[in-house]
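Coordinate inspection notes
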Amino acid sequence: MTLIVNDGTPEMRGLLEKGRKRLRTVGVVMLILGVLAVAFPLATTIAFKSVIGWLFLIGAVGHFYGAWNADTPTRRSLDIIQGLVFGVIGGWLAFFPMGGVVTLTVLLAIAFILHGVFEALMAMWLKQFPGWKWMMVSGGISVLAGILIFAELPSSASWAIGLLLGIILLSSGFSYLMVSMAMGKVARS
């Protein structure tokens, strides 16, 4: 285990202060977004799905641009096919609000579980700071949320994405604020 100690140099204080401010800002933004997502779970579900749809549509445009500039007919054909696939998926996700919500909910459950595992790993990496346990708890909550999504499918698909995304944002935002405060204590010592 590496222990970060403030050696009192201006460089160390600057590094700790910069990291603390970054974590605090990210934590506050995540808390605000989490409150909004929990307050409006169906709207968050539809918005989340629409954003993913628009990302696919942007990808389709990129593939069509690649086809326009392709140097071989094979490359042009592949880019056109990929552009069409991305366009159909993107249009379906962006313009049909409730279509595919169950599939997207399954994907989100997998993402929550992976997020929780990675956040727990990040907590282990930040063990030298007193607030690391909050991040570990947040990772556990994320894994639990992913498991709960799977348990309630398909009936919970219309609200689960928004509600659970809000819960994850709240727990991550809170944990980032706790680590930020712990870093502030180290910076002052």
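We now turn to the structure provided with this report. (Residues numbered from 1 in each chain as written. Predicted model: local features only at pLDDT ≥ 70, side-chain atom pairs only at ≥ 80, totals over all residues. Heavy atoms only, no water.)

**Focus: the overall build of the chain**
Put simply, the rule reads: Numbering of helices and strands starts at the N terminus; helices are DSSP runs of H or I of at least 4 residues and strands are runs of E of at least 2. Here the radius of gyration uses the C-alpha set of atoms, whereas the globule reference equals 2.2 Å times the residue count to the power 0.38. Burial classification: accessible surface area is computed with a 1.4 Å probe over protein chains only, and a residue below 20% of its type maximum counts as buried, one above 50% as exposed, and the rest as partly exposed. The contact criterion used is simple: two residues touch if any of their non-hydrogen atoms lie within 4.5 Å. Computed with the Shrake-Rupley method and a 1.4 Å probe, the accessible areas treat only the protein chains shown as cover for residues.
If you tally the helices and strands in the chain, you get six helices and zero strands. Ordered by position in the sequence, the α and β elements of the chain form the string α-α-α-α-α-α. In terms of C-alpha radius of gyration, the chain reaches 21 Å, well past the compact-globule figure of 16 Å for 189 residues. By principal-axis analysis of the C-alpha atoms, the chain measures approximately 65 × 45 × 25 Å. Out of the 189 residues in the chain, the part that is buried amounts to 38%. Nonlocal contacts in the chain, meaning residues at least 24 apart in sequence, comprise 80% of its contacts between residues at least 6 apart. Per element, the accessible surface of the chain, about 10,800 Å² overall, is 77% carbon and sulfur.

**A closer look at the packing of aromatic side chains**
Worth spelling out the cut-off: Here a pair means two rings of Phe, Tyr or Trp (six-membered ring of Trp) with centres within 6.5 Å. Their orientation is stacked below 30 degrees between planes, edge-to-face above 60, and tilted elsewhere. Look at NZ for Lys and CZ for Arg. If either is within 6 Å of the ring centre and within 35 degrees of the ring normal, a charge sits over the ring.
Scanning the model with the defined rule gives three aromatic pairs in all. Plain terms: the ring middles of W54 and F95 are 5.4 Å apart, the flat faces sit at 80 degrees to each other, and that makes the pair edge-to-face. Taken together, the residues span a long stretch of sequence, with W54 in helix α2 (residues 41–68) and F95 in helix α3 (residues 73–95) at a distance of 41 residues. Where W134 meets F174, the ring centres are 5.0 Å apart and the plane angle is 85 degrees; that geometry is what we call edge-to-face. One end of the pair, W134, is in helix α5 (residues 132–152); the other, F174, is in helix α6 (residues 157–188), and 40 residues separate them in sequence. We note K49 situated over the ring of W92; from NZ or CZ to the ring centre the distance is 5.7 Å.

**Concerning the packing of α2 against helix α4 (residues 101–125)**
Let me state the cut-off plainly: An axis is simply a line fitted to the C-alpha atoms; with a helix, the fit covers only the stretch in contact. Between two such axes, the angle follows the N-to-C directions and lies from 0 to 180 degrees. Just so you know how the angles are binned, under 35 degrees is roughly parallel, over 145 roughly antiparallel, 65 to 115 roughly perpendicular, and the rest oblique. Nonpolar residues are Ala, Val, Leu, Ile, Met, Phe, Trp, Tyr, Cys and Pro. Charged residues are Asp, Glu, Lys and Arg, and all others, Gly as well, are polar.
In contact at an axis separation of 11 Å, α2 and α4 are set at 85 degrees when each is read in the N-to-C sense. If you check the angle between α2 and α4, you find them roughly perpendicular. Along its contact with α2, which presents T45, F48, K49 and I52, the element α4 presents V101, L104 and L108. Residues that form the contact of α2 with α4 fall into these classes: five nonpolar, one polar and one charged.

**Observations regarding α2**
The criterion, for reference: Here, expected helix span is obtained from the residue count minus one, scaled by 1.5 Å.
Between its first and last C-alpha, α2 extends 41 Å over 28 residues, near the 40 Å set by a 1.5 Å rise per residue. Listed as buried for α2 are T44, T45, K49, S50, G53, L57, A60, H63 and A67.

**Section: the nonpolar core**
Worth spelling out the cut-off: We call a set of buried residues a nonpolar core when its members are Ala, Val, Leu, Ile, Met, Phe, Trp, Tyr or Cys and they connect through side-chain atoms within 4.5 Å of each other.
F112, L126, F129, M135, L164, V179 and M183 are the most contacted members of the largest nonpolar core, which totals 26 residues. Contributing elements (two or more residues each) for this core: α1 (10–39), α4, α5 and α6. Looking at this core, the element that brings in the most residues is α6, giving eleven residues.

**Concerning the environment of L114**
Topologically, L114 is positioned in helix α4. For the pair L114 and I161, spaced 47 residues apart in sequence, the C-alpha to C-alpha distance is 15 Å.

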